[in-house]
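Listed below are the residues making up each chain.
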Amino acid sequence: MRRLQDRSVVIFGGGSRGARLNNGLAASTVYAREGAAVTIVDRDEAAVGDAVAAIREGDAEARVQGVVADATDSGSVEAAVSAAARFGRGLDVLHNNVGIASMGGPMEMSLEEWERVHRVNLTSVFLTCKHALPLMLERGRGSIVNIASIGGMRYIGYDYPSYAATKGGMIQFTQHLALQYAARGIRANCVSPGYIETPMIFDQISGNYDSVEQMVAQRNALSPTGRMGEPFDVAHAALFLASDEAKYINGVNLPVDGGLTQRVVASVDG
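Calculation criteria
Residues numbered from 1 in each chain as written. Predicted model: local features only at pLDDT ≥ 70, side-chain atom pairs only at ≥ 80, totals over all residues. Heavy atoms only, no water. Pairing = 2+ DSSP bridges. Helix = DSSP H or I, 4+ residues; strand = E, 2+ residues; numbered from the N terminus. Axes fitted to C-alpha atoms, helices over the stretch in contact; angles between N-to-C directions. Salt bridge = Lys/Arg side-chain N within 4 Å of Asp/Glu carboxyl O. Buried < 20%, exposed > 50% of the residue type's maximum accessible area, 1.4 Å probe, protein only. Core = buried A, V, L, I, M, F, W, Y, C linked by side-chain atoms within 4.5 Å. Polar contact = N/O pair within 3.5 Å; in protein donor to acceptor, adjacent residues only side chain to side chain. Contact = heavy atoms within 4.5 Å. Expected span 1.5 Å × (residues − 1). Arc of directions from axis to C-beta.

A. Spatial organisation of the sheet that holds strand β1 (residues 8–12). Pairing within the open sheet is parallel, and its seven strands lie in the order β3-β2-β1-β4-β5-β6-β7. A single partner strand is all that each edge strand has here, and the edge strands are β3 (63–68) and β7 (253–256). Taking each pair of neighbouring strands and ignoring which way they run, the sheet shows an average axis angle of 20°. Across six bridges, the pairing between strand β5 (residues 142–147) and strand β6 (residues 186–193) is parallel.

B. Representation of the pattern of salt bridges in the model. On inspection of all chains with the given rule, the structure shows seven salt bridges. Salt-bridge contacts for D92 lead to R139; the nearest nitrogen and oxygen are separated by 2.7 Å. Pair noted here: D92 is in the loop between α3 (74–88) and β4 (93–96) and R139 is in helix α4 (residues 111–139), with a separation of 47 residues, a long-range link. Assessed through its relative accessible area of 3%, D92 is described here as buried.

C. Highlighting the nonpolar core. Judged by nonpolar contacts, the single largest core of 33 residues is most densely connected at Y31, V38, V145 and V191. Looking at this core, the elements that each hand over two or more residues are β1, α1 (23–33), β2 (37–42), α2 (45–58), β5 and α8 (231–242). Considering each element in turn, this core owes the most residues, eight residues, to α8. Among the nonpolar cores identified, the runner-up in size contains 29 residues, and A80, C129, Y181 and I186 belong to it.

D. A look at the side chain of N189. For N189, the position within the fold is in strand β6. One polar contact links the side chain of N189 to the main-chain amide nitrogen of V252, over a distance of 2.9 Å. Ignoring any residue separated from it by four or fewer positions in sequence, one finds N189 in contact with I144, V145, N146, T174, L241, I249, N250, G251 and V252.

E. Fine view of α2. Here α2 is 14 residues long and its end C-alpha atoms lie 20 Å apart, about the 20 Å a rise of 1.5 Å per residue gives. Within the sequence span of α2, burial applies to A47, V48, A51, V52 and I55. Angular distribution of buried residues about the axis of α2 spans 125°; they occupy a single face of the element. Among the exposed residues of α2, those pointing more than 90 degrees away from its buried face are E45 and E57. The inward-facing, buried residues of α2 abut α1, β2 and β3. The N-cap residue of α2 is D44: its side-chain oxygen and the backbone nitrogen of A46 are 3.0 Å apart.

Structure representation (structure tokens):
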């Protein structure tokens, strides 16, 4: 199926330096395969170029462009959204994938780092919605897909309250958008990944373990399925929410976690 044929998608945080498979590249690839005009936005020029090249290598007919922009800067976001609208002749889907994880609680983390995590993870979503919503309202339709985390739903073993606070805030922000704009044709939903094997865990989380091998083994063991998920698991959930197949789904937070959150609930209730 070509579920996004003739639709325009902008993905913030869609770049991948070296075309390493992350959630952003997986989502960009899936959207392009489904016929969308895809605009990949990232502040890293090399990451944008590598992601675009990887998609075109897999599909020479893919409609994809790259834009270098800072998701924490309003003017930069506005320019990126405008470029996406020109490329796709409007805007149908906004996909927010920008995020960082910074370890440490209130005693270990500086105020500057706390505010940086909030600006990257949460203020960026406010800015992208601020500039994308008017274009969607012009069409009378639109789908916003925000990539949150089960870490924004409950404690999962990592001491990163700044990350948890921003992802929890994203979930609530998304639900408010969903109800505020539902009658005007806009849907907003979250995908909350669980333990997913992405470059981020090797770059930002592996330092909490004695070795990378220990990290991988422990994360696999924590999943009810016995293994971590992969970026395409997240991407396919996002595709569903972005498509007309989910036209009556609005304001949900969809965990993609192999059942992990349900096991935590069961253990607490039991």
